[in-house]
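What follows is each chain in one-letter form.
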Amino acid sequence: MNRRFPGELPPTAGLPLRWRDFLPGPAPLERTLAGLFDTPPMQLECSGTSALRIALQALQQRQPQRRGVIVPAYTCPLVAIAVHSLGLEPRLCDLAPGHFDFDPDALAALCDADTLAVVPTHLGGRVADVERACAIAARHGAFVVEDAAQALGALDHGRSVGLRGDVGLFSLAAGKGLSLFEGGLLLTRDSELREALAHASRTQAGSDWRWELRRSVELLGLAACYRPSLLPLVYGRPLRRALAAGDPEEAVGDVFPLRIPQHRVGRWRRGIGHRAAARLPAFLAQGRVRARHWKERLRALPGLQVHDDRPDTQGVWPVLMLQLPDAARRDAALARLWTRGLGVSRMFIHALPDYAYLRGIVPAMDMPNARDFAARTLTIGNSPWLDEARFEAIVEELRAVLAA
Ligand SMILES: *Cc1c(COP(=O)(O)O)cnc(C)c1O
């Protein structure tokens with residue numbers, strides 16, 4: 001019981017960078033990724049949030065009178081911040097009970113002629129039901145923007161996510177698979193819309209050497225510290241400090257600035273991403289194998305639900321998303337595991353209406369299923385460093401909590 005393991009595992013499976021990635025060289029990152037995942041051309045932006053802003057701006061040009069953007073009531077706070085920053089209204093749709101995806105009835109009731117876009121979200125690498133969201137959006141002429149920030153490499157009916165809706169976006173932020181420390185990608189099957197996205201980007205995001213310098217230093221820091229021996233310093237210690245201070249939002253990094261930087265990504269970072277991207281498909285494949293193995297182990301725990309792939313989808317596995325039977329037991333599990341350095345954590349702390357700092361950005365509404373999802377879910381980072389002994393320690397604690 002309570003064996004201490006050396007080092008600290010990350011809460012998600014990020015692709016480790018190598019020093020060779022940092023050498024100068026060619027930088028066709030977008031072309032490389034489009035080739036690896038067999039997609040139309042991708043467009044690089046300075047963050048997933050910035051990419052979402054640019055997508056919504058391009059769509060706003062087509063439907064300037066529409067104000068509403070429907071987002072899941074449990075998602076990254078940056079999504080609501082991005083919508084609000086454009087003078088649009090985030091409209092919250094509750095989740096299906098015990099699920100990360102939209103409640104279809106709630107979505108149908110919410111979507112109307114004032115809806116600019118619906119944003120189905122591939123949370124934790126699981127593939128959302130975009131087809132259903134598209135059917136509902138189409139009744140009202142609304143667009144669909146797939147938030148695949150956490151799902152680069154995931155497949156829906158054998159094709160990359162992000163292509164079923166009108167626009168898809170990926171994040172290249174720290175901790176999200178491939179990382180430039182901050183970065184984002186846009187894609188669309190529609191060549192006219194691709195032009196509009198490129199145009200919106202040109203008018204919004206100029207070169208800014210200060211931001212680029214800062215991100216370059218941050219990326220070097222990430223590459224240097226992304227290993228169990230150094231993660232206690234940059235991840236574990238701040239996490240434990242925030243938790244000791246009773247601030248879980250700070251602990252998982254949920255409190256974001258309300259101003260969204262927009263600038264071009266420099267050539268050096270693009271080149272780093274290009275070289276690292278070559279290793280991404282194999283890294284994701286290994287992540288799938290590990291996830292399958294860990295899922296099998298968790299099946300032995302009655303009362304525990306692991307979010308899995310729907311038929312005809314093949315997600316990616318930055319984390320395993322686990323649902324406990326009730327909030328008390330989820331909290332008990334976290335009390336035993338969160339500070340153990342095993343990569344156990346939470347995704348986002350609250351449903352969007354429950355963040356004090358988002359008041360004025362999202363409507364104050366009761367979102368019972370989203371709140372329940374936030375209260376019963378925990379994540380296990382599916383990093384390559386998670387080994388049998390550590391996993392057994394996690395299982396042991398979960399078993400004890402579930403038996404209580
Ligand atoms: C991280 C994230 C974003 C924002 O992406 P950034 O690259 O961090 O700006 C949007 N949506 C979801 C679901 C995310 O997890």
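Under an unreviewed UniProt entry, the name given to the protein is DegT/DnrJ/EryC1/StrS family aminotransferase, and the source organism is Stenotrophomonas mori. As its UniProt record puts it under Sequence similarities (unreviewed entry), the protein is described as follows: "Belongs to the DegT/DnrJ/EryC1 family."

Asker: Just checking my understanding: could you explain the state of the cysteines for this structure?
Answerer: Covalent bonding between the sulfur atoms of two cysteines is what defines a disulfide. As enumerated under the stated definition, the model contains 0 disulfides in all. Residue Cys111 stays outside any disulfide, its sulfur separated by 9.3 Å from that of Cys93, the closest cysteine. Take Cys134: it sits in no disulfide, and the sulfur closest to it among the cysteines is that of Cys111, at 11 Å.

Asker: Quick question: what am I supposed to make of the site of the ligand here?
Answerer: As a matter of local geometry, the ligand sits amid 17 residues, with Thr49, Asp147, Gln150, Ser171 and Lys176 nearest to it. Contacts to the ligand include Thr49, whose side-chain N or O atom sits 2.5 Å from an oxygen atom. At a separation of 2.9 Å, an oxygen atom of the ligand approaches a polar side-chain atom of Lys176. Its residues assigned to classes, the shell around the ligand comprises 6 nonpolar, 8 polar and 3 charged.

Asker: Just checking my understanding: could you explain the nonpolar core for this structure?
Answerer: One recurring pattern in soluble globular proteins: nonpolar side chains tend to sit buried together. Within the largest apolar cluster, 122 residues are counted, with the highest numbers of intra-cluster contacts made by Leu33, Leu56, Leu178, Leu298, Ile380 and Leu398. Structurally, this core is a two-domain feature, drawing no fewer than three residues from each of domain 1 (19-204) and domain 2 (280-403). Among all residues touching Leu398, those that are not within four sequence positions of it are Leu298, Leu301, Leu304, Leu322, Ala333, Leu337 and Leu378. Counting residues in hydrophobic clusters, the runner-up holds 13 residues, among them Phe102, Leu107, Ala133 and Ile136.

Asker: What is the right way to read the domain arrangement of the protein from this model?
Answerer: Quoted interface sizes are often the accessible area lost when the parts come together. Along its sequence, the protein is carved into domain 1 (19-204) and domain 2 (280-403). Look at where the C-alpha atoms of domain 1 and domain 2 centre, and you get two points 23 Å apart. Across the contact, 41 residues belong to domain 1 and 39 residues belong to domain 2. Across the interface of domain 1 and domain 2, roughly 3,200 Å² is buried in total on both sides, 66% from carbon and sulfur atoms. Looking only at domain 1, the three residues that lose the most surface to domain 2 are Tyr74, Leu92 and Arg126, adding up to 24% of its buried area. One can count 1 salt bridge joining domain 1 with domain 2. Of the charged contacts, one joins Asp309 and Arg126 as a salt bridge, the two residues approaching to 2.6 Å between their closest N and O atoms. On inspection of domain 1 and its partner domain 2, the count reaches 13 residue pairs in polar contact (both at pLDDT 80 or more).

Basis of the calculations
- Residues numbered from 1 in each chain as written.
- Predicted model: local features only at pLDDT ≥ 70, side-chain atom pairs only at ≥ 80, totals over all residues.
- Heavy atoms only, no water.
- UniProt positions renumbered as here; feature names shortened; annotations may be inferred.
- Disulfide = S-S within 2.5 Å.
- Near = heavy atom within 4 Å.
- Polar contact = N/O pair within 3.5 Å; in protein donor to acceptor, adjacent residues only side chain to side chain.
- Nonpolar A, V, L, I, M, F, W, Y, C, P; charged D, E, K, R; others polar.
- Core = buried A, V, L, I, M, F, W, Y, C linked by side-chain atoms within 4.5 Å.
- Buried < 20%, exposed > 50% of the residue type's maximum accessible area, 1.4 Å probe, protein only.
- Domains from an automatic or database assignment.
- Contact = heavy atoms within 4.5 Å.
- Buried area = accessible area lost by both parts, 1.4 Å probe.
- Salt bridge = Lys/Arg side-chain N within 4 Å of Asp/Glu carboxyl O.

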